[in-house]
Structure formats: C-alpha cells, structure tokens
Amino acid sequence: MKTKAVRIYGKSDLRLEEFPLPALRDDEILASVVSDCICMSSYKAAIQGAEHKRVPDDVADNPTILGHEFSGEIIEVGKKWQKDFKVGQKYSIQPALNYKGSLDAPGYSFRYLGGNATYVIIPNEVMEMGCLLPYEGDAYFYASLAEPMSCVIGAFHANYHTTSGSYEHDMGITRGGNMAILAGAGPMGLGAIDYIIHCDRKPELLVVTDIDDAKLNRAAEVLTVEEAEINGVKLIYKNTSNPYELLEITDGKGYDDVFVYAPVAPLIELADNILGRDGCLNFFAGPTDPSFTAAFNFYNVHYASTHIVGTSGGNTSDMLESLSMMGSGLINPAAMITHVGGLDSVIDTTLNLPKIPGGKKLIYTGISMPLTAIDDFATSKNPVLLEIASIINKNNGLWCAEAEKYLLENM
C-alpha cells in the first residue's frame, strides 16, 4: 500500500511525498490517518532537524513522518495484536512512548508513523507500551486534541506542594487555592481553563492574563466567568503584566500555583514575583533556544519554599483522562482550533507556525485544502466552506463533529 506523507530530511527540509509502505509484520498494525493537529513541537523539530532530541541522526537518508496529534481508523491488525484491536476501530496515540528509556516518538522518529500521512504502520513498541488508545467518539478531531489536552492535564498533576512537618510532597495544584495562568488566552490556555473549571481538583480563584484584549475577550466568550462560578471557581480575565495588580486580587497573599504559557523571560519573572508561600511555578511553554534563561528569586526559594516544575507532554494516564472527559462532555477543546487545512498545507504551516495567528491548526490528511481560518469560511468562494460556516455559526463559532463530517464528505 502507498501512503502520502510529509517527511523531514533536515533543518527546514520538509517534503510531501508518496511512497510504498513495507509489508505488515505480525506485531504491527496498519492504520489510516484522518486528522492531525500541528503542534509547536513539530515546528521545533522541523527547524532543528537532526539536532532535535527525538529526530534520528540519519534523517537525511532515512526521513521520518512529522505529526504526533493524530487519529484515524485501524485497517489491518498483525497476528500478535488481533485479540486487542479490531479492524475499523478508531484510535488515538500517546506519542510519549518511553520505550526502554528511548526518546523515540511517533511524529518525530519513525519512518512509517506520523500524523501528517494518509496511512501509517504502527510498530510493536506503541502497543507494548499501551500507547495505542481505542477511541469511540464521533469526531476524529477530538482524538487529535486528546494529546495536547494530555499535556495540559499532565502539567496540573506535576505541580506539587510541601506537607507541613514532613518531606512528602502533595502532588497536584492546591485545592481551593489561588491559581494564575500567564499568557493563558491562547489555544493551550483555553484547554487549561476548560480543564481546571471542570476537573475534580479546583482552585477557588483562577486569574488568566494576556496582553491581547481580543484573545481575552474570545476566551471569556467561550469559557465564561458564569460557567466557572457554577463549578465553584472565581474566574478573572485580566490584561496586565503588573505584579502588584495581580497580588492585589489575592489581598497580598500571592498564588499557590502559577502557570507560564509563553517562553518569555519577563513572564517567568512576573510569575516568580506573585508566588505565595510554598508556591509552585509551572513553566509550561517549551522554548526553542537551548540557552533560554530567566532570573528567579532564591531568597524566596530558601525562606518561602517557592519552587518550579516543568513538563514536556503528558503520559498515557493523562491522555485517557482527556479522552474520558471529552467523551462525557465535561470538556470541549474545540475552542483550541482556529484553522483547518489539508495535507498539502502542512509544510508551509509547520515552517511558519509562530507567524500564523490564532490557535490550533487542524489538518485533514485525505483532502487538498489551503490552511484557512475558521473565521474566514463565511467569506470563502468555496460552497463547501460556506456551508460549513453556517454549521459553525450555529455552534458558537466552534469547530464541531457536524462540520468535520460535512468537510470529509464534500471536500
């Protein structure tokens, strides 16, 4: 069987190619890919090439397929896995395999497995590590969003606080505490707000800052303060980079948990300035510069027990939690999606991702379509996109299962 895929050969060297897949082995699974979301991590891999920790050194001779936030259907199952997986099943993949301590991951390291493809071969180690996850939802894009949502969820689980009188850590955010998400009105921030409002371990106060009023206003439309209040959270959206304004909201107490959603040194220093006693700063945003640094107050580290953590991706448990919450309707990460395109738009989108405004860029690998902002569908000359615009309009401006179905059937 042939596949069409975007492969990486080196720094900024991405190519859309059609090539044959090898014969399926008894311990492998053949699958289609229907949807994939383009992640900043893919951009980092694309510009770093073989220097990236997950991209093989010999990628120039043995290119790998990009894309790790993907979903599709199982086409054929090797003999070893026929009791566990069935033809026709929808799936999602947890890319953080951690197989025998290796950093190898789908979307970075494998010649025949990545999200920017029409068909893929899923190797044995994915199933061995329990990272091929059956998905029973109607819309493929939700399964694609399960991976970025697992990153959000994992970060909340990774925060910790000290236990008075002992050296044991209490894992997770402070229940009933003060939380801030800085630069939190972007796509991942929206996912974080949605999760924290609806999960089972909530703060009493959640302050979300950004310096873009349009993004803050959109966030407030999609995830309202009223919805947060119903779920027991006082939610405040604020355009500020002033630590005194943020501390004033807490009556000077400070924040138990502060999440930084942009790799900007002054933002990290702002987070440090607003930490309360035993406050945990979570550096969520991954920088592209290996030498990225910022100042941190070590007087407070010593005397106020402030501390910092960072996570890169979630684990399988986080992804299962994401799929479960989406399946039960507790969270709706569709708000993260702002653009839709086909496989032929992947290269330009990936290489220019930091310059493209908006949130998640959703790719349907079986169609040809330029990357298009959802907000621009209503002015398109394409009748398919015009009809989808009316569908989205009825859904509070959000991408949805009905829009996906219409696109796949008509584009």
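Quick note: structure is the one above.
All values derive from a computational prediction rather than experimental measurement.

## What about the sheet that holds strand 12 (residues 178-182)?
Now for step 1: Taken in spatial order, the six strands line up as 14-13-12-15-16-17 in an open sheet, and their pairing is parallel. Only two strands of the sheet have a single neighbouring strand rather than two, namely strand 14 (234-238) and strand 17 (307-309). Across the sheet, the axes of successive neighbouring strands diverge by a mean angle of 15°, strand direction being ignored.
Now for step 2: Relative to the sheet, helix 8 (residues 265-274) contacts strand 12, strand 15 (255-260) and strand 16 (275-283), its axis offset from that of strand 16 by approximately 155°.

## A short note on the environment of Val59
Now for step 1: For Val59, the position within the fold is in the loop between helix 1 (40-48) and strand 5 (64-65).
Now for step 2: In this structure, the C-alpha to C-alpha distance between Val59 and Arg111, residues 52 residues apart in sequence, is 9.0 Å.
Now for step 3: Not counting chain neighbours up to four residues away, the residues in contact with Val59 comprise Ile8, Tyr9, Gly10, Ala50 and Thr64.

## Focus: helix 13 (residues 401-410)
Now for step 1: All of the buried residues along helix 13 are Ala403, Glu404 and Leu407. Projected down its long axis, helix 13 carries its buried residues within an arc of 100°, all on one side. Facing away from the buried side of helix 13 by over 90 degrees, the exposed positions are Lys405 and Glu409.
Now for step 2: Elements in contact with the buried residues of helix 13: helix 3 (140-158), strand 18 (337-342), strand 19 (360-364) and helix 12 (383-393).

## Some details on the pattern of salt bridges
Now for step 1: Under the definition given, this model contains 12 salt bridges.
Now for step 2: Between Glu128 and Lys80 there is a salt bridge, with the nearest N and O atoms lying 2.6 Å from each other. Of this pair, Glu128 sits in helix 2 (residues 124-128) while Lys80 sits in the loop between strand 6 (70-77) and strand 7 (90-93), and the two are 48 residues apart along the sequence.
Now for step 3: Taking the relative accessible area as the measure of exposure, Glu128 reaches 41% and is therefore partly exposed.
Now for step 4: By sharing partners, the salt bridges in this structure join Arg25, Asp27 and Glu28 into a single network.

## Observations regarding the environment of Asp200
Now for step 1: Mapped onto the secondary structure, Asp200 falls in the loop between helix 4 (187-198) and strand 13 (205-209).
Now for step 2: Judged by relative accessible area, which is 67%, Asp200 ranks as exposed.
Now for step 3: Sequence separation of Asp200 and Asn300 is 100 residues, and the distance between their C-alpha atoms is 30 Å.

## Side note on the pairing of strand 1 (residues 2-10)
Now for step 1: Where burial is concerned, most of strand 1 is hidden: seven out of the nine residues are buried.
Now for step 2: Pairing of strand 1 with strand 2 (residues 13-20), which is carried by eight bridges, proceeds in the antiparallel orientation. Considered in strand 2, the bridge of Thr3 is made with Phe19.
Now for step 3: Hairpin geometry of strand 1 and strand 2 is characterised by an intervening segment of two residues between the two adjacent antiparallel strands and by a positive phi of about 55° at Ser12.
Now for step 4: The sheet contact formed by strand 1 and strand 5 spans two bridges and is antiparallel. Within strand 5, the position partnered with Arg7 by the bridge is Ile65.

## Notes on the packing of helix 3 against helix 10 (residues 316-327)
Now for step 1: At a minimum axis separation of 7 Å, helix 3 and helix 10 run at an interaxial angle of 120°. One way to sum up the angle between helix 3 and helix 10 is to call them oblique. With respect to the hand of their crossing, helix 3 and helix 10 are arranged in right-handed fashion. Together, Tyr142, Ala143, Ala146, Glu147, Met149, Ser150, Ile153, Gly154 and His157 of helix 3 and Asp318, Met319, Glu321, Ser322, Leu323 and Met326 of helix 10 make up the contact between the two elements.
Now for step 2: Along the lines of polarity and charge, the residues of the contact of helix 3 with helix 10 split into eight nonpolar, four polar and three charged.

## With respect to the pairing of strand 13
Now for step 1: The buried fraction of strand 13 amounts to five of the five residues, a majority that puts the element mostly inside the structure.
Now for step 2: Burial of the side chains of strand 13 extends over both faces: Leu205, Val207 and Thr209 are buried on one face and Leu206 and Val208 on the other.
Now for step 3: Taken together, strand 12, helix 4 and strand 13 form a β-α-β motif whose crossover is right-handed.
Now for step 4: In the sheet, strand 13 pairs with strand 14 via five bridges, with the strands oriented parallel. Considered in strand 14, the bridge of Thr209 is made with Lys238.

## Focus: the nonpolar core
Now for step 1: In terms of nonpolar packing, the biggest core is built from 68 residues, with Val340 and Trp399 touching the most fellow members.
Now for step 2: By residue number, the principal contributor to this core is helix 3, which donates 11 residues.
Now for step 3: Excluding residues within four positions of it along the chain, Val340 makes contact with Leu362, Tyr364, Met369, Pro370, Leu371, Thr372, Ile374, Phe377, Trp399 and Leu407.

## Comments concerning the sheet that holds strand 5
Now for step 1: Sheet architecture is open: three strands sit in the order 2-1-5, paired in antiparallel fashion. Either end of the sheet is taken by a strand with one partner, and the two such strands are strand 2 and strand 5.

## Considerations on the packing of aromatic side chains
Now for step 1: All chains considered together, the criterion is met by 11 aromatic pairs.
Now for step 2: Each ring, one from Tyr299 and one from Tyr303, has its centre 4.8 Å from the other, and the planes form 45°; the classification is tilted. Residue Tyr299 and its partner Tyr303 are located together in helix 9 (residues 298-303), separated by four residues, close to a single helical turn.
Now for step 3: The exposed category is assigned to Tyr299, whose relative accessible area is 58%.
Now for step 4: Between Phe377 and Trp399, the aromatic rings sit 6.2 Å apart at their centres with planes inclined by 90°, giving edge-to-face as the arrangement. Here Phe377 is found in the loop between strand 20 (372-373) and helix 12, whereas its partner Trp399 is found in the loop between helix 12 and helix 13, with 22 residues between them in sequence.
Now for step 5: Given a relative accessible area of 0%, Trp399 falls into the buried group.
Now for step 6: Among the aromatic residues, those joined into a ring-pair cluster are Phe156, Tyr195 and Phe259.
Now for step 7: Arg15 extends its terminal NZ or CZ atom over the ring of Tyr9, reaching a point 3.7 Å from the ring centre.

Cut-offs used in this document
Residues numbered from 1 in each chain as written. Predicted model: local features only at pLDDT ≥ 70, side-chain atom pairs only at ≥ 80, totals over all residues. Heavy atoms only, no water. Pairing = 2+ DSSP bridges. Helix = DSSP H or I, 4+ residues; strand = E, 2+ residues; numbered from the N terminus. Axes fitted to C-alpha atoms, helices over the stretch in contact; angles between N-to-C directions. Contact = heavy atoms within 4.5 Å. Buried < 20%, exposed > 50% of the residue type's maximum accessible area, 1.4 Å probe, protein only. Arc of directions from axis to C-beta. Salt bridge = Lys/Arg side-chain N within 4 Å of Asp/Glu carboxyl O. Parallel < 35°, antiparallel > 145°, perpendicular 65-115°, else oblique. Left-handed = near helix turned anticlockwise from the far one by under 90°. Nonpolar A, V, L, I, M, F, W, Y, C, P; charged D, E, K, R; others polar. Right-handed = clockwise from strand over helix to strand, strands pointing away. Core = buried A, V, L, I, M, F, W, Y, C linked by side-chain atoms within 4.5 Å. Phe/Tyr/Trp six-rings, centres within 6.5 Å; stacked < 30°, edge-to-face > 60°. Lys NZ or Arg CZ within 6 Å of the ring centre and 35° of its normal.

Coordinates in, geometry out; function isn't part of it.
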